[in-house]
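Tertiary structure, described
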Amino acid sequence: MLRLRTCAARLRPLGASQAARTAGPRRPAAGAMTSGPVRCYAAPVASEPFLNGTSSNYVEEMYFAWLENPKSVHKSWDVFFRNANAGAPPGAAYQSPLGLSVAPQLSSLVGARPNVEKLVEDHLAVQSLIRAYQVMGHHNAHLDPLGISCVNFDDAPVNSGFQDIRGHQVAQLDPLGIMDADLDSCVPTDIITSSDKLDAVKDRLTLLTVGGFYGLDESDLEKVFRLPTTTFIGGSESALPLKEIIRRLEMAYCQHIGVEFMFINDLEQCQWIRQKFETPGVMQFSLEEKRTLLARMVRSTRFEEFLQKKWSAEKRFGLEGCESLIPALKTIIDMSSGSGVEYVIMGMPHRGRLNVLANVIRKELEQIFCQFDSKLEAADEGSGDVKYHLGMYHRRINRVTDRNITLSLVANPSHLEAADPVVQGKTKAEQFYCGDDDGNRVMSILIHGDAAFAGQGIVYETFHLSDLPSYTTHGTVHVVVNNQIGFTTDPRMARSSPYPTDVARVVNAPIFHVNADDPEAVIYVCKVAAEWRATFHKDVVVDLVCYRRMGHNEMDEPMFTQPLMYKQIKKQKPVLLKYAEKLIADGSVTRQEYEEEIAKYDKICEEAHARSKDEKILHIKHWLDSPWPGFFTLDGQPKSMSCPSTGLTEENLNHIGQVASSVPVEDFTIHGGLSRILKGRAAMVGQRTVDWALGEYMAFGSLLKEGIHVRLSGQDVERGTFSHRHHVLHDQNVDKRICIPMNHVAPDQAPYTVCNSSLSEYGVLGFELGFAMASPNALILWEAQFGDFHNTAQCIIDQFICPGQAKWVRQNGIVLLLPHGMEGMGPEHSSARPERFLQMCNDDPDIMPTLSDDFAVRQLYDCNWIVVNCSNPANYFHVIRRQILLPFRKPLIVFTPKSLLRHPEARSSFDEMLPGSEFKRLIPEEGVAAQRPEEVKRLIFCTGKVYYELTKERKNRDMEATVAIARIEQLSPFPFDQVEAESKRFANADLVWCQEEHKNQGYYDYVKPRIRTTIQRAKPVWYAGRGPAAAPATGNKNTHLLELRRLLDSAFGLDAFQDQQ
Ligand SMILES: Cc1ncc(C[n+]2csc(CCOP(=O)(O)OP(=O)(O)O)c2C)c(N)n1
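Report follows, based on the coordinates. (Residues numbered from 1 in each chain as written. Predicted model: local features only at pLDDT ≥ 70, side-chain atom pairs only at ≥ 80, totals over all residues. Heavy atoms only, no water.)

**As for the site of the ligand**
The local shell around the ligand holds 15 residues, among which Arg-351, Ser-414, Asp-450, Ala-451 and Ala-452 are the closest. Between a nitrogen atom of the ligand and a main-chain N or O atom of Ser-414, the distance comes to 2.9 Å. Taking Asn-483, its side chain carries an N or O atom lying 3.0 Å from an oxygen atom of the ligand. Summarising the interface, the protein chains cover 76% of the accessible area of the ligand, which totals 580 Å² for the free molecule. Considering every element that reaches the shell around the ligand, the biggest residue donor is helix 15 (residues 450-455), with three residues. Counted by class, the shell around the ligand contains five nonpolar, eight polar and two charged residues. (Near = heavy atom within 4 Å. Polar contact = N/O pair within 3.5 Å; in protein donor to acceptor, adjacent residues only side chain to side chain. Areas by Shrake-Rupley, 256 points an atom, 1.4 Å probe, with all protein chains shown as cover. Helix = DSSP H or I, 4+ residues; strand = E, 2+ residues; numbered from the N terminus. Nonpolar A, V, L, I, M, F, W, Y, C, P; charged D, E, K, R; others polar.)

Below you can see the structure in the form of structure tokens.
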């Protein structure tokens, strides 16, 4: 090692500090030393002229090899190292190798130097060339099965086999400059873009040498170059002639697979990939594998053909042009099953979905076929969904590995990529609940379209969750069905990145582009992708470069917009045919066997079709992606229609209150300000009261104690945006040492997860929704930083949360906490947009429901979601607990307070939380006005924080006997029964709806018709609130206060509405 360092020191000018750094061991020196005694070279040396930062590694490689065996390196290197070790001065060790003897005749070496320089330069050039292929080879790979980027359309050949079109022709031959997998299709000028034919290599090389980048010329082709350790093309050989180096690099990087990985900043991972693609002969398939692949291609192809034959006028978003997707997915699943995965959760768009359901998930074919029957009667309530959006869950034996595997395809809306975070959340939950901390047992696969993958921002948001501790699923395999078109839009109009997959580079995911018309290449990259995930637990992308044989759907005419592309597609021989011919030609199967395979599958389809005619009823619940075994009765009904009391014993409240006020670990120093907060909590517990944060603590802590996992996620939720929560304590003296008291509630409690999320709403809310899908026995909450930020997650709300049960019969108990309130903070942080949630509620404003004993629970059961605005901590506590104690699950939207978090009146007594107490859908007037209700002149209905402004104003105006105030805490489903009771109680009062929001916003449009229905339209419902406006709030504090004053004036002005009579 010392010898090496000495030599290295001579090859590079080292500063003192650098010299010190080189002292540590780096690589074991070879055992046998063949040269003379070591000379320490202490004096600073001049750099040799050809040496620079990059070449020194190469020279070191040479040196190691030389140490092992002087004959393994070129003679010139042998001489050089001998000279160097013999003490040649700087510059003098580089000599012509021929006819020279070793030192001491050093003086005679001068003069032969140019040859050695050339030799070193050539070696460096070869090393650079190898690296250039590793970095840019994919630009020249033959990825497009149509070859249309390389074809003159006026004279397009019919492709009968795999393309043999050189990547370098790309720019020259594509008349349109469109439809290339790689929009950045310029040929890298520093790599030799040629075929495996030596002549072509020579031609190209000659061309290059004219203006040559690396300075190699034709005469170098036969020269043998030592290979650096950063390549595996040599196999067992350590040196190869240049022409063979080029040929092998072309084979590895410029055929039907294009590998993008050199941006990964991890040497081990780069080496792993190099080995997988460079090692000679690595892509060998056994006969068995080839036959399995052919059988899978048969199924994939014939399934679409069968559907086309039977239902030619139906949309099905067929897979034609990318039939290899099916064997691709099956390979990923086989490989993953082999490495221990038991559960694969998938998400995918429309394209090929039925095929995946049939041939990957193995949904019964008759269940798929009967979906095409328009006369099928729906057995489930709700809207249902089209067949290519439904989900599926299936547990079966994987035939290749003979192990159990569960496959689930998550139901999705039309909104492309929206299901990505949902799949990840569900995957994380399944991992969490089975204790799979490293993702060895549960994994996700996401399938994408090329246009959507590049265009939709949610893809990026989802990638950014991939390595966060509370969100990682430990690697996802992404498969892109890159048919080089999005509906009618060409890639050059659809994205600005060279590849549709470039978004994956942000997380250092390797990207394997593959020509989907080469099924073996597809299978190979899928194997590598699955292995990558199993080895490194990181994301990986397989880009299946293919085409779309039909229009966007089977009814569309693609020739309107892509005439030349489709002329070419019409000439394209189907991939199954090409592959079958290849296997027949090489003797892997006989034509008869191939035809029998086809006949066998066709028969399966025909028989299933016959059976499908017996299906008379469509059960959407047969398409559930996440069954909840044991939660419902066998026919899917709730086990009861009641909700137990959500109250807690005094002892429990005290105990949780103490946990919330303490630091349950030893030697843990918290911030002084936090000590005061905890002391304040302890004092509240002593006084049997809770504020908002403590009420939340009681709810979460008690559920945890009862074995319910609680997960709270969102931006800065650990402390709380408003610094009120403090669920994670930070040691002030030890970096990253934290304590989560909520996990110290009881020894056998369920775990509490509280996690600050990435700055994403769409991605994180989708993720939490997916997490909540996995189990009904968990409370999953997402909190927006401010309520209005939920609008960047609108797609998850509109497409999944609001209609999810109606479309896909899957209930979901996710909770959204949306800080809301007009506090004079301007338009951006005031409104959680209650009007939007309320507008999407499914209760009828015009029909007074039939009231029954279980009305409150039934109403909840029938609604699509619950919307509440709690005005005190006890009610918040109850509604959170009710969420779990209900015998079914519904999404819960909570408008949460800001100033009320610290409002001295917004506190609740333990009495309101004891056994027997429950969530109050409406808090009736309980003050002075309630004593003589007949004398009350006005009944104000309101919700949320404005209640406190109203009571203060009422007191100031001394109107407590004349004005009653009732709080509607559960806005939806609307408490018709309680509003009716309150209206009847104050029979002589006029009715006012008061809100602090603008008239076209807030709750007014929702509550007014419902109050009117309740009172049988006997009276008007007056409005006291801000006028209509475009923005949610004013940015001017004075205007804010003025508006508040005005709305309070109208609320308490008993003649304020006279002129509206
Ligand atoms: C968010 C969203 N925007 C628009 C659409 C309408 N749309 C449906 S398919 C499609 C093209 C998708 O192209 P690509 O992702 O390449 O998939 P392909 O259909 O080619 O398989 C579009 C624009 C949609 N479904 N979702």
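Still more ground to cover, so stick around.
**A closer look at the pattern of salt bridges**
Summed over all chains, the structure comprises 53 salt bridges. A salt bridge links Glu-783 to Arg-725, with the nearest nitrogen and oxygen atoms 2.8 Å apart. Placement of Glu-783 in strand 18 (residues 778-783) and of Arg-725 in the loop between strand 14 (709-714) and strand 15 (729-730) is noted, with a sequence separation of 58 residues between them. Arg-725 gets classed as buried once you look at its relative accessible area, which sits at 1%. In the salt-bridge network here, residues are joined through shared partners; they are Lys-118, Asp-122, Asp-220 and Lys-223. (Salt bridge = Lys/Arg side-chain N within 4 Å of Asp/Glu carboxyl O. Buried < 20%, exposed > 50% of the residue type's maximum accessible area, 1.4 Å probe, protein only.)

**With respect to the pairing of strand 14**
Most of strand 14 is tucked away: six of the six residues are buried. Here strand 14 runs beside strand 17 (residues 752-756); their pairing, made up of five bridges, is parallel. Considered in strand 17, the bridge of Gly-714 is made with Asn-756. (Pairing = 2+ DSSP bridges.)

**Topic: the sheet that holds strand 18**
If you walk across this open sheet you meet the seven strands as 17-14-18-19-21-20-26, and the pairing is mixed. In this open sheet, the two edge strands, each paired with only one partner strand, are strand 17 and strand 26 (970-972). Ignoring strand direction, the axes of neighbouring strands in this sheet form an average angle of 20 degrees. Relative to strand 18, strand 14 runs parallel, the two sharing six bridges. Looking at the pairing, Gly-714 lines up with Glu-783 of strand 18. Lying over the sheet, helix 30 (residues 873-885) contacts strand 18, strand 19 (815-819), strand 20 (866-868), strand 21 (892-896) and strand 26, oriented at roughly 130 degrees with respect to strand 18. (Axes fitted to C-alpha atoms, helices over the stretch in contact; angles between N-to-C directions. Contact = heavy atoms within 4.5 Å.)

**Let's talk about empty space enclosed by the protein**
Inspection of every chain in the model, using the stated rule, returns 12 cavities of 30 Å³ or more. Contributing to the lining of the largest cavity are 17 residues, with Phe-800, Gly-804, Gln-805, Arg-810 and Asn-812 lying nearest its centre. When contributions to the lining of the largest cavity are tallied by element, the ones reaching two or more residues are helix 25 (762-774), helix 26 (794-801) and helix 27 (804-808). Among the elements that take part in the lining of the largest cavity, helix 27 stands out by supplying three residues, more than any other. (1 Å grid on protein atoms, 1.4 Å probe; cavity = no way out; pocket = protein on both sides within 12 Å on 5 of 7 lines; lining within 4 Å. Points joined across faces, edges and corners; volume = space filled by probe spheres on them.)

**Considering the packing of aromatic side chains**
Each aromatic ring pair is described using two quantities: the centre-to-centre distance and the angle formed by the ring planes. Here the structure, examined in full by the defined rule, presents 33 aromatic pairs. Where Tyr-861 meets Phe-888, the ring centres are 5.1 Å apart and the plane angle is 65 degrees; that geometry is what we call edge-to-face. On the criterion of sequence distance, the pair formed by Tyr-861 in helix 29 (residues 855-862) and Phe-888 in the loop between helix 30 and strand 21 is long-range, its members being 27 residues apart. Take Tyr-861 and Phe-888: they sit in the same class, and that class is buried. Pairing Phe-974 with Tyr-1006 gives two aromatic rings, centres 6.2 Å apart and planes at 75 degrees, and the pair type is edge-to-face. Residue Phe-974 is found in the loop between strand 26 and helix 33 (976-985), and its partner Tyr-1006 is found in helix 34 (residues 1004-1014); the two are separated by 32 residues along the sequence. In this pair, the class of Phe-974 matches that of Tyr-1006, namely buried. Cluster of aromatic residues (ring-pair linked, three or more members): Phe-303, Phe-306, Trp-311, Phe-369 and Phe-372. Across the ring face of Tyr-471, the terminal group of Arg-711 is positioned such that the distance to the ring centre comes to 5.0 Å. In this structure, Lys-890 is placed above the aromatic ring of Tyr-861, and the distance from its NZ or CZ to the ring centre is 5.5 Å. (Phe/Tyr/Trp six-rings, centres within 6.5 Å; stacked < 30°, edge-to-face > 60°. Lys NZ or Arg CZ within 6 Å of the ring centre and 35° of its normal.)

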